[in-house]
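Chain by chain, the residues run as shown.
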Amino acid sequence: MSESKFETISSLVDNYRVAEQSSEQVIDDMLKDEHLSAAWQQYHLIGDVIRDEIPQILQLDLSAQIAEAIADEPSILAPKTLTKANDPQSGLKAKVVQLIKPVGQLAIAASAAGLMIIGVQQNTADTNEIITPSQIVQTKPLAGFANPVSFNYQQNDQSRTQSHQATALEQRIAQQHRFQALLSDHQQQVKLSAAKSAQSKDAKQSLLEKDGEIVNN
Amino acid sequence: MKSLSLKLPIKLSFLLCFVSACFSFSAIAADAEQAKFSLERLSQSLRQLNFNTSFVVVKNNQAEPYHWLHGVTEVPLSNRTDTQADTAKQEVELEILALLNGPRRDILRVGNTVSYIEPEYAPYSIASAQISGPIPAVFGRDISVLENNYHFVSVGKSRVLGRAAQLIRIVPQDAHRYGYWLWLDQDSGLMLKLAVITRKGKLLEQIQFTHLEITESLSENLKQLQVTELPKVIELSAKENNTELAWQVNWLPDGFEEVKSDRHRMNSSKQAVEFMLFNDGLVDISVYVNPSQDKQRAVEYASDGATLVLNQVVNNIEVSVVGKIPLSSAEKIVNSVSFNPNKLN
């Protein structure tokens, strides 16, 4: 039995085809059996020697060393950043970039905020004279307006009192409601008017008939 | 002698001018004829073909998708005597237009009954042969009513929805309304794209078809519609539609005629209003008048795609105008409203 197993291992090492069932069986056995796995190593070594593929420094048991190395390796949860720590120049660069980046972002954010403040102020200045609504009627009328106005209230309360702000907001909302109501009613009336065009002829007809009756009488 | 030789070329050049003018006129006339023919074909196709199509309305940076089905079926005439009913058949149009996003908004039509299913109201039907959706109903009807106020121009060919399309422009004859551009399928004559455009060429709103299928037989949905019981038809008496009001609109673009005038409450705000509706065949303009709590309010306006909503308050009276018209026209209409002091109670 074991003889045949050694034979199978030999043919496996030489990349020869073996009946699948038996080869699987042998591989399983080999993983359990020290003798068989030793044979596997030895046959490989023999093969290497015959083919003249042995390295100059012969390390007979590489697998044991690898297993040791793996055992020594600390378990790494997060991959280390591969910074070129040895290269002083690149390290400097990275630091500089790190310093500049947040500053730049801050500057952009600040300028955007500045624009918004200017924009909002401009807007409220306009509403003093003529209330020009946004060009688009929102399907959800309130969504677009609550935010900018409340933001505005914090920024320039010197120029405007709180109550002014509140009334401006109310006006805006009321205005949106008005437009929305008008728009939907217009659409509704157009729908209903289609019915009328068919009926008006009848109505006119009946009116004419009535006139005729009166004349006849 | 000299004068004679001079006269001849002058005469000749006049003649040439005249001839070339004739040619160009006839070319324009032919263009207009062709455009009108295309529009008539569209109208016919919209009434006679079985089609299953989808389109999106693009306005305010938003797209509203719709599904539109149309078909024609034959039903026996019901109002004849029994002996005639066996042979007499009547063609009935079936139509479904459904908004695909948001709450359900369906329009169903069987012949001369149109039903609206909307979130704001209980389902209702009206006696009408046309549905009022995003596409002006006039394109499926007699388009010659537009000839008084618009020119038809056949512009050129292009490719829309993967099909060869003919571009027809409906150009207003004055500056008080918008133009409509239609891309029509060369095969079926149906619409592939529609755009509302200002006189300066700015695009306000467009309808792009995304799918078009023309079939021989009725689609399954329409067969179901045929046997569906529609909501009850609401009666609109002629009197309700022609109420005499204590004000009048003194200026409207040429060709707009009064469709109706009444008093009603707006559905969303419950505000009682006096109302007039005008139409030029293609565009509807609503004018609202109602008392306001404010003493004065300057003109305010907003637009939803091509539809403009404008309102102002003068001496506690609020006047509003809604319609697919330019701002200048709406302002002129609002300012032209005058009140009859005798009739004000």
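Each chain has its residues counted from 1, following the order in which its sequence is written. In the order they appear in the text, chains get letters beginning with A and ligands get numbers beginning with 1. Reporting in this predicted model follows two pLDDT cut-offs: at least 70 for local features of residues, and 80 or more for side-chain atom pairs to be given and counted; totals over whole chains, interfaces and linings ignore these cut-offs and use all residues. Here the side-chain values reflect all heavy atoms present in the structure, with hydrogen atoms and water set aside.

## Re the overall build of chain A
Helix and strand content of chain A: seven helices and zero strands. Counting from the N terminus, the helices are DSSP H or I runs at least four residues long and the strands are E runs at least two residues long. When the elements of chain A are put in sequence order from the N terminus, they spell out α-α-α-α-α-α-α. Contact between two residues is taken to exist if any of their heavy atoms lie within 4.5 Å; hydrogens are not considered. Of all intrachain contacts in chain A linking residues separated by at least 6 positions in sequence, the fraction that spans at least 24 positions is 58%. In the structure as shown, chain A presents an accessible area of about 16,800 Å², 58% of it carried by carbon and sulfur atoms. Computed by Shrake-Rupley with a 1.4 Å probe, the accessible areas treat only the displayed protein chains as cover when residues are assessed.

## Observations regarding helix 3 (residues 34–50) of chain A
Residue and element names in this part refer to chain A. An expected span of 1.5 Å times one less than the residue number is assigned to each helix. With 17 residues, helix 3 extends 24 Å between its outermost C-alpha atoms, agreeing within 8% with the 24 Å of an ideal straight helix rising 1.5 Å per residue. Residue exposure (1.4 Å probe, protein chains only): buried if accessible area is under 20% of the type maximum, exposed if over 50%, otherwise partly exposed. Leu36, Ala39 and Gly47 are the residues of helix 3 that are buried. Down the axis of helix 3, the buried set is contained in an arc of 70 degrees. They therefore lie on one face. Two to three positions downstream of the cap, the backbone nitrogen of histidine 35 sits 2.9 Å from a side-chain oxygen, assigning the N-cap of helix 3 to aspartate 33. Looking one or two places after helix 3, you find aspartate 52, whose phi comes out positive at around 60 degrees. In this context, the arc is that of the directions from the helix axis out to the C-beta atoms. Between N or O atoms, a polar contact is any pair within 3.5 Å; within protein, one atom must be a potential hydrogen donor and the other a potential acceptor, and residues adjacent in sequence are included only when both atoms are from side chains.

## Section: the packing of aromatic side chains
All names here are of chain B. Between 30 and 60 degrees the pair is tilted, below 30 it is stacked and above 60 it is edge-to-face, where a pair is any two Phe, Tyr or Trp rings, Trp via its six-membered ring, whose centres lie within 6.5 Å. Applying the stated criterion across every chain yields a total of nine aromatic pairs over all chains. Judged by centre distance (6.2 Å) and plane angle (85 degrees), the rings of phenylalanine 55 and tryptophan 68 are edge-to-face. With phenylalanine 55 in strand 1 (residues 50–59) and tryptophan 68 in strand 2 (residues 62–76), the pair connects residues that are 13 residues apart, well separated along the chain. With respect to class, phenylalanine 55 is no different from tryptophan 68; both count as buried. When the centroid spacing of 5.0 Å and the interplanar angle of 50 degrees are considered together, the rings of phenylalanine 275 and tyrosine 288 count as tilted. One end of the pair, phenylalanine 275, is in strand 14 (residues 272–279); the other, tyrosine 288, is in strand 15 (residues 284–291), and 13 residues separate them in sequence. Considered together, phenylalanine 275 and tyrosine 288 belong to a single accessibility category, that of buried residues. The lysine or arginine in question, arginine 169, covers the ring of tryptophan 181, its NZ or CZ lying 4.0 Å from the ring centre. Geometrically, a charge over a ring is one whose NZ (Lys) or CZ (Arg) sits within 6 Å of the ring centre while staying within 35 degrees of the ring normal. The ring centre of tyrosine 150 lies 5.6 Å from the NZ or CZ of arginine 177, which sits over that ring.

## Structural notes on the pairing of strand 11 (residues 203–215) of chain B
Residue and element names in this part refer to chain B. Think of it this way: DSSP has to see at least two bridges between two strands before they count as a pair. The pairing of strand 1 with strand 11 spans nine bridges and is antiparallel. Bridged to valine 57 within strand 11 is isoleucine 207. Direction of pairing for strand 10 (residues 191–197) relative to strand 11: antiparallel, over a ladder of five bridges. Its bridge partner being in strand 11, isoleucine 197 is matched across the sheet by leucine 203. Between strand 10 and strand 11, which pair antiparallel in sequence order, lie five residues; one of them, glycine 201, sits at a positive phi of approximately 90 degrees.

## Section: the pairing of strand 9 (residues 179–185) of chain B
Moving residue by residue along a regular strand, the side chains alternate between the two faces of the sheet. All names here are of chain B. By the criterion of burial, strand 9 is predominantly enclosed, with six of the seven residues buried. Linking strand 8 (residues 163–172) to strand 9, which pair antiparallel, is a turn of six residues. As judged from the six bridges shared by strand 9 and strand 10, these two strands associate in the antiparallel manner. Within strand 10, the residue paired with leucine 184 across the bridge is methionine 191.

## A short note on the sheet that holds strand 7 (residues 150–160) of chain B
Residue and element names in this part refer to chain B. Read from one edge to the other, the open sheet built from 11 strands follows the order 6-5-4-3-2-1-11-10-9-8-7, with strand pairing classed as antiparallel. Among the strands making up the open sheet, the edge pair consists of strand 6 (124–127) and strand 7. The mean inter-strand angle of the sheet, taken between neighbouring strand axes irrespective of direction, is 15 degrees. When strand 1 meets strand 2, the two strands line up antiparallel, connected through nine bridges. By the bridge assignment, asparagine 52 is partnered in strand 2 with leucine 69. Under this scheme, a helix contributes an axis fitted over its contacting stretch, all axes are lines through C-alpha atoms, and angles between N-to-C directions fall in the 0 to 180 degree range. Against the sheet, helix 3 (residues 220–227) engages strand 2, strand 3 (89–99) and strand 4 (105–110), with an angle of about 115 degrees to strand 3.

## As for the pattern of salt bridges
When a carboxyl oxygen of Asp or Glu lies within 4 Å of a side-chain nitrogen of Lys or Arg, that pair is called a salt bridge. Summed over the entire model, instances satisfying the criterion amount to 19 salt bridges over all chains. Here arginine 109 of chain B makes a salt bridge to glutamate 93 of chain B, at a shortest N to O gap of 3.3 Å. Here glutamate 93 of chain B lies in strand 3 and arginine 109 of chain B lies in strand 4, a separation of 16 residues in the sequence. For the pair formed by arginine 109 of chain B and glutamate 93 of chain B, the shared burial category is buried. What emerges from the salt-bridge pattern is a single network uniting Arg178 of chain A together with Asp294, Arg297, Glu300 and Glu318 of chain B.

## Some words on the confidence of the model for chain B
Per residue, pLDDT measures the predictor's confidence, with a range of 0 to 100. On average, chain B scores 87 in pLDDT, and the residues at 70 or more come to 86%. In the model output, the complex is listed with pTM 0.63 alongside ipTM 0.85.

## Quick look at the interface of chain B and chain A
Counting from both sides, the interface comprises 47 residues of chain B and, opposite them, 29 residues of chain A. Defined in terms of a 1.4 Å probe, buried area is the accessible area two parts forfeit on being brought together, summed over both. Note on chain B versus chain A: buried area summed over both sides is about 3,200 Å², and carbon and sulfur give 57% of it. For chain B, the biggest contributors to the area lost against chain A are Leu236, Glu300 and Tyr301 of chain B; these three give 16% of the whole. Arginine 178 of chain A is the salt-bridge partner of glutamate 318 of chain B, the closest N and O atoms lying 3.9 Å from each other. Summed over the shared surface of chain B and chain A, the number is 10 residue pairs in polar contact (both at pLDDT 80 or more).

## Describing the nonpolar core
Phe139 and Val287 of chain B are the most contacted members of the largest nonpolar core, which totals 71 residues. It is strand 10 of chain B that provides the largest number of residues to this core, a total of six residues. A domain-level breakdown of this core finds at least three residues from each of domain 1 (26–76 + 89–226) and domain 2 (240–343) of chain B. By convention a nonpolar core is built from buried Ala, Val, Leu, Ile, Met, Phe, Trp, Tyr and Cys residues, the set being connected through side-chain atoms within 4.5 Å. Core analysis: the next-biggest nonpolar cluster, separate from the first, contains 14 residues, Leu182 of chain A together with Phe275, Leu277 and Val309 of chain B among them. Boundary definitions for the domains trace back to an automatic or database domain assignment.

## With respect to the sheet that holds strand 16 (residues 297–304) of chain B
Residue and element names in this part refer to chain B. Strand order in the open sheet made by the six strands is 13-14-15-18-17-16, with antiparallel pairing throughout. Both edges of this open sheet fall to strand 13 (257–265) and strand 16, since each of them pairs with a single strand only. Between one strand axis and the next, the sheet turns through 15 degrees on average, direction left out of account. For strand 14 and strand 15, the ladder comprises six bridges, and the chain directions are antiparallel.

## Section: the confidence of the model for chain A
Close inspection of predicted coordinates is inappropriate for parts of the model with low pLDDT. All names here are of chain A. The pLDDT averaged across chain A works out to 63; a share of 43% of its residues lies at or above 70. Highest mean pLDDT in chain A belongs to helix 3 (83); lowest belongs to helix 6 (residues 146–155) (33). Contacts from residues 118–158, a stretch scored under 50 in pLDDT, to residues over four places away or in other chains number 54 contacts. Low pLDDT, under 50, characterises residues 198–217; the predicted model gives this stretch four contacts beyond four residues in sequence or across chains.

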